[in-house]
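Geometric and topological summary
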Amino acid sequence: MKKTAYLLLSVLCFGLVSCEDYLDTDSASYLSPDIVYNSIAYTDQAILGIYAQLPQDQIYGSRLQFTYGSGSDCDTYGTSNPTDTKNSGLANYNGTSDNTAISKEWDAIYKTIEMASVAIDGIRNSELLKSGTVDEQAQMKEYLGEALTLRALLYFEVVRNFGDVPFKDEPTNSDGSNIYLPATDRDEIYEHIIADAEEAAGYLPWLESSANVERVSKGFAYGLAARMSLACAGYSMRNLPGFPLKTPDFSVQKSYYERALKNCNAIIKDPNNPHGLEDTFAKVFDNQTQQKYGEKSEDLFEVGLGLGLSGEVGYTSGVRFYQSAIYGRNNSVQVVTNAYYLYSFDRDDMRRDVTIAPYNYNKSGTEKEEMFSNLYEFTFAKWDVRNLKAYITQNKEATNKLMTGINWCIMRYSDVLLMAAEANVWLAENGGDGNLGEARTYVKEVRRRNFSDALQATKVDAYVDNASDLMQVIKDERMFEFGGEAIRKFDLIRWGELSQKVAEYRTTLKQMYAGEYEITLPELVYFKYNSDGSTIDKSSVDYFGENGVPEGVEGKDWDSVNWFKKKDTDITKASDKIDAILGGLDKVYYCRHLFPIHESTISSSQGKLSNSYGF
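Residues numbered from 1 in each chain as written. Predicted model: local features only at pLDDT ≥ 70, side-chain atom pairs only at ≥ 80, totals over all residues. Heavy atoms only, no water.

**Observations regarding the overall build of the protein**
Looking only at helices and strands, one finds 24 helices and 14 strands in the protein. Since a compact globule built from 615 residues should have a radius of gyration of about 25 Å, the 25 Å found for the protein is in line with a globular shape. Judged by the C-alpha coordinates and their principal axes, the protein covers about 80 × 55 × 50 Å. Split into buried and exposed, the 615 residues of the protein put 58% on the buried side. For the protein, contacts bridging at least 24 residues in sequence account for 72% of all contacts bridging at least 6. On the protein, roughly 23,800 Å² of surface is accessible, and the fraction owed to carbon and sulfur atoms is 45%. (Helix = DSSP H or I, 4+ residues; strand = E, 2+ residues; numbered from the N terminus. Rg over C-alpha atoms; globule rule 2.2 N^0.38 Å. Buried < 20%, exposed > 50% of the residue type's maximum accessible area, 1.4 Å probe, protein only. Contact = heavy atoms within 4.5 Å. Areas by Shrake-Rupley, 256 points an atom, 1.4 Å probe, with all protein chains shown as cover.)

Okay, structure coming up:
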């Protein structure tokens, strides 16, 4: 690929580096924006160049979804060392302004935002857009929609992780006059990027086939606008005395719920909407893991990653496996869940066993799955690279960490349905034009595939129709649906419930260990292996101990694991560990969910930036 303007300008960022080296235009390979953006082929290369930044470790290769996206009651990162000065410390709200990981993420995101801004400016000024053929104008509008959506997505990531940040909607000037910028109020940023996503949706086509899911489309642009609207309507830590959690004024809050619903309806109610739900919950993640594209186009947008090149889905988050003759090098799972989350599920909800893996593979060198007895470090079962043959083939020969190449899904259609349900209920309860009937329909649609036919009447229809608190049903449904998908933490933040739910998780898990939980939990959990002798029959696991000691134990037809059969020393150790996980959240200020700006970024900002929130 030829070096074009977007490659040159990709190295620019907000005051993080000197611009002089990057503005040298003497290179024979340099193409000016007026050339690039008056060529369909070059413009396509420029847009692909933006997408090419997303698989970096510091963006969606790993960090945004795992380090920054975990940290709730049902998904945590780095529990083995939650106070370290690297990613684990960040994920447990123990970040400091000298943590170098922060500057890497900040730099990578802002460099990519700059690339998108260059493209947006170039396309808006393109003669092809203004006076080209009908087809050329349509194609340039589509490229503009992609650049607007990607820039909005990345600004959204910066805002929800750092709060008020530098913002501009133009590329860096050649004289550097707009490099050093102060922080902009997040509400102003939200207003701009939501409008950008809505504008983009008007230019983008619907997803024509799932094979195009690695490029943004109309559905994702509308969905992103809805997600950002709900975030803007909700709570966040504000740079005010005492750094309180606050929502916007009621009228503004209501307008953003209306906007969220409008954008969700633009997807759901359009007869051309190609998105739907896969027949089973398990199929969603089988497709993702095996790099297949779903027939129902449930995934609205996936960041394209490459086997051996990028991506830690299944490595940093997924079923934990150790060095094995069958599967090769071990993975190194950091994103984990816990018994609190497992026991939150309805026992008949099929999502539980698709989502949670209270087992690992080959820890004892037995080439079989083994149940965990550590009940605050279960792993996520959604992505199991043991089922990805191409990965295992290479992993058996690998001498170093092998990237899985499993795409990261940014948004699924079930999210759109539940956002629409939430907005409908909030508006109906707050004097707006919300439709409770539609809300119930959407919740049922998401819930229905997860219960057997015999349970549809009671655990889908009656459960939703008879709910005394429909909003709580929706909140719970989002927890059951999106565990491990970097959604729960941000939901709890915007609902103002993160600290409350983390405290509830701690209290409940300690009660479980101490035998003080609301129901009696078994000291031993019994289970069987499948006929292959190496994988656990998930349907056999008796998490509630209601079946007693099963027949065949003496003959070893059944295996067991210590579950809540704990010594006093084990209980004390577990309690201390549970307190340390996410331990920084309320340490300095209540619910300090934001991260500090790195000290090098501040020192190079010419006095424009400083830290807040007690950092």
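Moving on, there is more to tell.
**Re the packing of aromatic side chains**
Applying the stated criterion across every chain yields a total of 31 aromatic pairs. Aromatic side chains Trp106 and Tyr110 sit 5.0 Å apart centroid to centroid with 55 degrees between the ring planes, which places their arrangement in the tilted category. Taken as a pair, Trp106 and Tyr110 lie in helix H7 (residues 100–124) at a separation of four residues, close to a single helical turn. What makes Tyr110 buried here is its relative accessible area of 1%. (Phe/Tyr/Trp six-rings, centres within 6.5 Å; stacked < 30°, edge-to-face > 60°.)

**Looking at the nonpolar core**
Within the largest apolar cluster, 181 residues are counted, with the highest numbers of intra-cluster contacts made by Tyr60, Phe301, Tyr343, Met371 and Trp563. Here this core gets 14 residues from one element, more than from any other, and that element is helix H9 (residues 134–162). Sequence-distant contacts of Tyr60, defined by excluding residues within four places in its chain, comprise Leu54, Gln65, Leu153, Leu154, Glu157, Val303, Leu305, Trp408 and Ile410. (Core = buried A, V, L, I, M, F, W, Y, C linked by side-chain atoms within 4.5 Å.)

**A short note on the sheet that holds strand E7 (residues 335–337)**
Strand order in the open sheet formed by four strands is E1-E7-E11-E8, with antiparallel pairing between adjacent strands. Every interior strand has two partners, whereas the edge strands, strand E1 (76–77) and strand E8 (356–357), have only one. One ladder, built from two bridges, connects E1 with E7; its direction is antiparallel. Note on E7: the bridge partner recorded for Tyr77 is Val335. (Pairing = 2+ DSSP bridges.)

**Observations concerning helix H20 (residues 470–482)**
Its 13 residues give H20 an end-to-end C-alpha distance of 18 Å, which sits within 8% of 18 Å, the value for a rise of 1.5 Å per residue. Of all 13 residues that make up H20, eleven are buried, and the element is covered over most of its length. Restricting attention to buried positions, one finds in H20 the residues Leu470, Met471, Val473, Ile474, Lys475, Glu477, Arg478, Met479, Phe480, Glu481 and Phe482. Positive backbone phi, approximately 80 degrees, marks Gly484, located one or two places after H20. (Expected span 1.5 Å × (residues − 1).)

**Focus: the side chain of Arg592**
Residue position: Arg592 is located in the loop between helix H23 (568–580) and helix H24 (599–603). Here Arg592 sits buried without a salt bridge, and the closest side chain of opposite charge, Asp586, lies 9.0 Å off (N-O distance). A distance of 3.0 Å separates a polar side-chain atom of Arg592 from the backbone oxygen of Tyr613. The contact partners of Arg592, leaving out residues within four places of it in the chain, are Tyr93, Met237, Leu585, Tyr613, Gly614 and Phe615. (Lys, Arg positive; Asp, Glu negative; His and termini not counted. Salt bridge = Lys/Arg side-chain N within 4 Å of Asp/Glu carboxyl O. Polar contact = N/O pair within 3.5 Å; in protein donor to acceptor, adjacent residues only side chain to side chain.)

**Some words on the pattern of salt bridges**
Counted under the stated rule, the structure contains 43 salt bridges. Residue Arg351 is joined to Asp349 by a salt bridge in which the shortest nitrogen-to-oxygen separation is 2.8 Å. Neither Arg351 nor Asp349 differs from the other in exposure class; each is buried. Connected via shared salt-bridge partners are Glu298, Asp349, Arg351, Lys382, Arg412, Arg447, Arg449, Glu477, Glu481 and Glu485.

**Quick word on the environment of Phe372**
Mapped onto the fold, Phe372 is located in the loop between strand E10 (369–371) and strand E11 (378–380). Its relative accessible area of 11% is what places Phe372 among the buried residues. Residues Phe372 and Ser126, 246 residues apart in the sequence, show an inter-C-alpha distance of 59 Å. Sequence-distant contacts of Phe372, defined by excluding residues within four places in its chain, comprise Ala357, Pro358, Tyr359, Asn360, Glu377, Phe378, Thr379, Val561 and Trp563.

**Looking at H9**
For H9, which comprises 29 residues, the first-to-last C-alpha distance of 42 Å matches the rise-based estimate of 42 Å (1.5 Å per residue) to within 8%. By the criterion of burial, H9 is predominantly enclosed, with 21 of the 29 residues buried. Note on H9: the residue one or two positions beyond its end, Gly163, has a positive phi of about 90 degrees.

**Brief notes about the confidence of the model for the protein**
This prediction gives the protein a mean pLDDT of 92; 94% of its residues lie at or above 70. Taken together, the stretch residues 1–29 has pLDDT below 50 and engages in 56 contacts with residues farther than four places along the chain or on a different chain. (pLDDT = per-residue confidence, 0-100.)

**Some points on the packing of H7 against H9**
Relative orientation and spacing of two packed helices are given, respectively, by the angle between their axes and the distance between those axes. Following both chains from N to C, one finds H7 and H9 inclined at 155 degrees, their axes separated by 9 Å at the closest point. As judged from the angle between their axes, H7 and H9 are roughly antiparallel. The element H7 and its partner H9 pack so that their crossing is left-handed. Across the interface between the two elements, Ile102, Trp106, Ile109, Tyr110, Thr112, Ile113, Ala116, Ser117, Ala119, Ile120, Ile123 and Arg124 from H7 touch Met140, Tyr143, Leu144, Ala147, Leu148, Arg151, Leu154, Tyr155, Val158 and Phe162 from H9. Across the contact of H7 with H9, the residue classes tally to 18 nonpolar, two polar and two charged. (Axes fitted to C-alpha atoms, helices over the stretch in contact; angles between N-to-C directions. Parallel < 35°, antiparallel > 145°, perpendicular 65-115°, else oblique. Left-handed = near helix turned anticlockwise from the far one by under 90°. Nonpolar A, V, L, I, M, F, W, Y, C, P; charged D, E, K, R; others polar.)

**Some details on the pairing of strand E6 (residues 299–303)**
Where a strand is regular, its side chains alternate between the two sheet faces. In terms of burial, E6 is largely enclosed, as five of its five residues are buried. In this structure, E6 lies alongside strand E12 (residues 408–412), joined through four bridges in antiparallel fashion. Within the sheet, the bridge partner assigned to Val303 lies in E12 and is Trp408.

**What about the environment of Met411?**
Here Met411 shows up in strand E12. Exposure remark for Met411: the relative accessible area of 1% places this residue in the buried category. It is 22 Å that separates the C-alpha atoms of Met411 and Gly163, two residues lying 248 residues apart in sequence. Ignoring any residue separated from it by four or fewer positions in sequence, one finds Met411 in contact with Phe220, Gly223, Leu224, Arg227, Glu298, Asp299, Leu300, Phe301, Val416 and Met419.

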